[in-house]
Each structure stands twice: as structure tokens, then as C-alpha cells.
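Per-entry structural report
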Amino acid sequence: MKIENIDVDASINAVKDLLEKEKDLSPALRSALEVLLLLVALLLNRLTLNSKNSSKPPSLDPNRKRSCKKKGNRKPGGQKGHNGTTLEPVDDPDEVTEISIDRRTLPRGPRYREVGHESRQVIDIDISRFVTEYRAQVLEDEQGNRFVAAFPEGVNRPVQYGLNLKASAVYLSQFQLMPYDRVRDHFRDQLDIPLSAGSVFNFNKEAHDRLEPFERWAKTELAKSTLMHADETGINIGGKRHWLHCTHMGSGLVHTHGVTHMGSHTWGHTHGVRSCILPFVAVILARMVRPLRIEFAGALYHVTSRGDRREDIYLDDEDRQRFLEVLEAVCERFNWEVHAYCLMSNHYHLLVETLDGNLSRGMRQLNGVYTQRFNRRHTKVGHVFQGRYKAILVQKESYLLELSRYIVLNPVRAGMVRAAKDWRWSSYRATAGLVPSERWLTIRWLLAGFSRRKIEAQQTYRRFIAEGKGQAGPWRELRSQIYLGDEGFVEEMQRKISPDTTLSEVPASQRRQVAKPLAYYQEQYGDRNTAIIEAYESGAYTMKEIGDHFRLHYSRVSRIVNAKDKT
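Scope of this entry: the structure provided in the associated data block. Not measured: the values here are computed from a predicted model.

**Some points on the overall build of the chain**
Broken down by element type, the chain carries 18 helices and 13 strands. Every one of the 567 residues in the chain was classed for burial, and the buried ones make up 32%. Residue pairs at least 24 apart in sequence account for 60% of intrachain contacts in the chain once pairs closer than 6 positions are excluded. Of the roughly 39900 Å² of accessible surface on the chain, 51% is carried by carbon and sulfur atoms.

Structure representation (C-alpha cells):
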């Protein structure tokens, strides 16, 4: 490393060489010098940490190269495809101000008559203190006995805070997570109401006590429910980890909006949801399971992933470009073939074929790396995507064309563009031959379904997409929520799952039957290529594993398998 053109590493190495040559130094002095050199090296390593060789973010790196951002071509304001918010006029304004024309400003001569009015509304807020004074009548009889009218329930002090003020303080403190001091400042500066942090604490405690009867009622209703949803996660309370359990009963005849309860207990507690929700009811509560993931080499999936709370996962075109860069890296690393894609505003669609049976690993990389880049660029934290992605197994021969049309027509159905060719962020333009195709986009299989000649196939593809406007998607053929194919395809996919399990809970170890060894295929089939194809179609081995056994590169295995598909 160099500091102000001084090669520090070379200097330290030179001192170490001198110490090695110097034989007359006492052991104590030699040890002291070696410790000093070690401390110098440690301090220099810490001094030279930057955003490239540590976890320090670029915003906190004073030595990073800064460059002015080039001015883009986009106009200010919300970009195309962004769901904005527009003020709408109200039917019953709180105040109406009539404005009359100063007739002195009108031209003289003509006679004028009123024909109506033109309205403009200004939506504003009135931040003010509202004080209600209750004056209870006092009567006195001849003997001097006083009789005072009863005040409303809860009004028991000369001056006190109202319920709306308390509710507002609790909302800011508990829902908006504002510190007590900032809540106090808000009431003092905006409303001229003296409020202490201790009062805010007391408001929260009062709200907690008032909610106790509701909590008992919610637990009772959940206990009586015939169907209850449950989930759990971790939460930090006072610096210690706790379980947070959530139970929910859906809406029905009794409760229009359903009932939800959340409760926490210390980490490591063994009673789970029952300790928080159902302490007095004997129930069997099944754990929430992950969606069924059937993975095997050559599987074709329609994958969708949505933004957390349905928020946008792309704020501009640069975000979409960065996502495609991450997708390209994932395709190269995990040997994926993408047949079609479309990036919307708050979700995306992929039609992806996994040659090595590794969808989960690739999706974890895709969504995880993009989340990091998105948060770093927009200085955000937390989740970008909503829970787990959705993956549907697709019968390639029967549904590849129809599903690819459904994917690229998404922007048209959403009213974002008039035609598929107008949306840059889908595979349509490349497949139709309007722009060069990305390296990671596989269009040959798709176009082969129209013609052997590429130009003719692209023309037919464009007509095929245009004819799909207004047509229903292929989801009427969806089976068990994860299969898109005929009965034979579903049976073939289910044979890859252990027969003793059901679709409601399929552990990863049981998703495939016990695999025969590769030596079995080599001995069973005299032809090497046939043995490779049978081993690959068993779904038990990746192309690399097959290649290692037969001493071939996995790309050679891929060509052998693809040659069989073409014939």
C-alpha cells in the first residue's frame, strides 16, 4: 500500500530484513520492535479501508472517486409506467368562498348576465388546538346545599388532555415510531400544547390497558374458529430476541374483516403459538410450509416475484437495466436459459429453463443481489420483494408459445403501452428481430415453433403476439397451483415426488425418488449418448455430474441432450 507516494509495505519489509541481519539485538528489544511493526500494519490496514475492500458503504468513504452524474434525457417528475398520485376534487368542501367580478374592470357597453361559476379547490390542513370547556350548572337551595350537574364520563379534572390528542400521540409513537421527545416537540411547535415525554408514555400505557379486553375477545374468537392461519418470525425487544407469533382468522359471516392477533415471548420458548394465543384450548396447529419446489435438470418455469407491500421494484429505467445485468450473471453462473421475460413496475415475469435443476439457488442470487443494489442506489434498507417468489412448472412442448405471448403482453393489458413493441423491458423486441438479442436470452427454441427460417419465424411470431390481445391467459389449465400442462405432464412431475407425501408438505429430501447410480445407466445402455440422455431425464443428476462420470465437459452433455430433443 502507498500513502502520499510512500510504499509502506516495502518500508516495513526493509525493517524486517534489517532485524533479521542484526544479530546483536537483545531478545526483549527484538520482540518489542516486532510488536510495533505488527501494530503499524494493523493500523494501516484499518486506515486504508474503503468501500471496495470492506463493508464500508461508498457514502462513508471519503477517498472514493467522485464524479458528476451525467444529466439524463428523462423529464422531471414521475416517469412513464410509474403509478403516481393525483389530487381529485371533493363533492362536499368544508368552506366555499364566492368570488364576484369587479364590474369596474369589464368593458363598457354590453349588458352582462350570470351563467354559472368556475371552481378550483385548495386542499389544505388546519393545524390548531381545539379546547372544549364544560360548564356544569350549580344550584343551591335555601339551606345552602349545592347541586352540580354531572360532567361527561372521563372529564374529572379542571384541565386534561382529550381522547383525540391521546390517540394522535399514540399513533405517532407506536405506528410512526417517533421518539417521545419528537412527539412532544410536534405538539409544542405545531399546536402550542405543552406535552411531556412522560405524558406520551402514560398515553401508551393507557392504550395498552384499554386494548386488554379486545385481546381477550380476539383470543376467544380465534379459539372458536374452524380454520386459522399462523406464522412466526423474530423481533427485537429491548435488545433481546423474541418470537413474534401471528394468527389470523379470515372474514366470514360473523366477522366482515377477519381477526388478527400478534403476540411475543422470549426466544427459545417451546410452546409456540399456543403460549400466546391458545393457552386453554386443545388444538393441533400445523406449521406454515414453503411452496412446493420441484427441481430437476431441464425443468421449465414461469417465475413471478412482486414488490414488498406491492410497491415498485423499479423506480426508473436504470433500475431495470441493473436487474437485467444481475439476471445475465445468474444465467451464466447457474446455466439458465431464459425464453421470455417482462419487467413491469412492481413485479417481473420470467420463463426460465434450468439446465442443472437449481431454480431456488438461482432465484436467491437474483433477488438477493438486486435487492442489495437497489437499496444501495436509493439509500434504502429492508426487503424489496414480497416474500417468496412463485414458480409454476410448465410443459414446454404445449405451453411455451402461449405463455411467452402472455408474458410480453403484460404491459399492453396494464395499459402502459398500446403494443408489445413499445415496451423496451421485455423479450418481445429481441424475439421479433427488432433489436439484437441479449446473450442470455434463448429465442431459437421459441422461433422454431413457427418456422425453420428465422426471418419467416419472426414475422409469424409478431402476428402471433398481435392476435393475443384481449385473449385469456393459459391459467385455465393450471393444476394444483404449480403445474401448467396436461394430465400426462402432471403425472410425470408427480413421479419425481416421493409417493408417500402430499402436495401440502414436501421436504426437499423427498422431492425426488432414490436415484440409480450413473454406472447403472452406463451398463444398461450400450450407446454412451443414450446412457447420458436417460441419466439426464431421470432428473437425479446435473449435467456436470453426468459429464464428470463420463469424462466429458458439461457443455458436451448439453449438446447431446439437446440433439435428442431436436430429433
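**What to know about the side chain of K396**
Relative to the assigned elements, K396 resides in helix α9 (residues 396–408). At a separation of 3.0 Å, a polar atom in the side chain of K396 contacts the side chain of E353. Here K396 is in contact with L300, H339, E353 and W445, once residues within four sequence places are set aside.

**A few points about the sheet that holds strand β6 (residues 240–249)**
Spatially, β5-β6-β7 is the arrangement adopted by the three strands of the open sheet, whose pairing is antiparallel. The open sheet has two edge strands, β5 (229–237) and β7 (259–266), and neither has a second partner. Across the sheet, the mean angle separating the axes of adjacent strands is 25° when strand polarity is ignored. Here β5 runs beside β6; their pairing, made up of nine bridges, is antiparallel. Counterpart to T233 in the pairing with β6 is L244.

**Considerations on the sheet that holds strand β12 (residues 478–479)**
Here six strands make up an open sheet; going across it, the order is β9-β10-β8-β11-β13-β12 and the pairing mixed. Two strands close off the open sheet at either side, each with one partner strand: β9 (336–343) and β12. Here four bridges tie strand β8 (residues 299–306) to strand β11 (residues 390–394), and the two strands are oriented antiparallel to one another. For Y301, the partnering residue across the bridge sits in β11 and is L393. Of the strands in this sheet, β8, β9, β10 (347–354), β11 and β13 (483–484) are in contact with α9, which crosses β10 at around 155°.

**Notes on the side chain of T371**
Within the secondary structure layout, T371 lies in helix α8 (residues 359–378). Here T371 falls in the buried class, since its relative accessible area comes to 16%. At 2.7 Å, the side chain of T371 and the backbone oxygen of N367 are in polar contact.

**Details of the packing of helix α3 (residues 163–175) against helix α5 (residues 197–224)**
Where α3 contacts α5, the axes come no closer than 9 Å and their chain directions differ by 95°. As the angle between them shows, α3 and α5 are arranged roughly perpendicular. Across the interface between the two elements, L163, L165, K166, A169, V170, S173 and Q174 from α3 touch V200, F203, N204, E206, A207 and R210 from α5.

**Section: helix α1 (residues 8–21)**
Along an α-helix, residues three or four apart share an orientation, since each turn contains 3.6 residues. For α1, which comprises 14 residues, the first-to-last C-alpha distance of 20 Å matches the rise-based estimate of 20 Å (1.5 Å per residue) to within 8%. Looking only at α1, the buried set comprises V8, I12 and L19. Relative to the axis of α1, the buried residues are bounded by an arc of 35° and lie together on one face. Along α1, exposed side chains directed more than 90 degrees from the buried face belong to L18, E20 and K21.

**Structural notes on the environment of L434**
Secondary-structure assignment places L434 in the loop between α11 (428–431) and α12 (444–448). Exposure remark for L434: the relative accessible area of 44% places this residue in the partly exposed category. In sequence terms L434 and K421 are 13 residues apart; their C-alpha atoms lie 8.3 Å from each other. Beyond its immediate sequence surroundings of up to four residues, L434 is in contact with K421, Y428, R429 and R462.

**Re the nonpolar core**
Counting 70 residues, the largest nonpolar core has V303, Y348, L359, L366 and L393 as its most contacted members. With residues near it in sequence (within four places) discarded, Y348 still touches V303, T304, S305, I313, Y314, F323, C342, L343, M363, L366, N367 and F385. Within the second largest apolar cluster, 16 residues are counted, among which are A535, Y536, I546 and V557.

**Here's the deal with the pattern of salt bridges**
Any two side chains of opposite charge can pair, given that their charged atoms come close. As enumerated under the stated definition, the model contains 25 salt bridges in all. Residue E337 pairs with R444 through a salt bridge whose shortest N-O separation is 3.2 Å. Taken together, the residues span a long stretch of sequence, with E337 in strand β9 and R444 in helix α12 at a distance of 107 residues. In this structure, E402 and R405 form a salt bridge, with 2.9 Å as the shortest nitrogen-oxygen distance.

**Overview of a negative patch on the surface**
Among the surface-exposed residues, D91, D92, D94 and E95 lie close enough to one another that they form a single negatively charged patch. As for its position among the elements, D91 is in the loop between α2 (27–47) and β3 (138–140). Using a relative accessible area of 81% as the deciding quantity, one classes D91 as exposed.

**As for a nonpolar patch on the surface**
Among the surface-exposed residues, V35, L36, L38, L39 and L42 lie close enough to one another that they form a single nonpolar patch of about 480 Å² accessible area. Topologically, L36 is positioned in helix α2.

**Points about the packing of helix α4 (residues 180–191) against α5**
At a minimum axis distance of 8 Å, the contact between α4 and α5 shows a crossing angle of 105°. Taken as axis vectors, α4 and α5 run roughly perpendicular relative to one another. Residues Y180, D181, V183 and R184 of α4 form the contact with α5, whose own contacting residues are A197, V200, F201 and N204. The residue inventory of the contact of α4 with α5, partitioned by class, reads five nonpolar, one polar and two charged.

Reading the values: rules and limits
- Residues numbered from 1 in each chain as written.
- Predicted model: local features only at pLDDT ≥ 70, side-chain atom pairs only at ≥ 80, totals over all residues.
- Heavy atoms only, no water.
- Helix = DSSP H or I, 4+ residues; strand = E, 2+ residues; numbered from the N terminus.
- Buried < 20%, exposed > 50% of the residue type's maximum accessible area, 1.4 Å probe, protein only.
- Contact = heavy atoms within 4.5 Å.
- Areas by Shrake-Rupley, 256 points an atom, 1.4 Å probe, with all protein chains shown as cover.
- Polar contact = N/O pair within 3.5 Å; in protein donor to acceptor, adjacent residues only side chain to side chain.
- Pairing = 2+ DSSP bridges.
- Axes fitted to C-alpha atoms, helices over the stretch in contact; angles between N-to-C directions.
- Parallel < 35°, antiparallel > 145°, perpendicular 65-115°, else oblique.
- Expected span 1.5 Å × (residues − 1).
- Arc of directions from axis to C-beta.
- Core = buried A, V, L, I, M, F, W, Y, C linked by side-chain atoms within 4.5 Å.
- Salt bridge = Lys/Arg side-chain N within 4 Å of Asp/Glu carboxyl O.
- Patch = residues over 30% accessible without salt bridge, like charges linked within 9 Å, V, L, I, M, F, W, Y side chains within 5 Å.
- Lys, Arg positive; Asp, Glu negative; His and termini not counted.
- Charge placed at Lys NZ, Arg CZ, Asp CG, Glu CD.
- Nonpolar A, V, L, I, M, F, W, Y, C, P; charged D, E, K, R; others polar.

Purely spatial values, then, with no claim about function.
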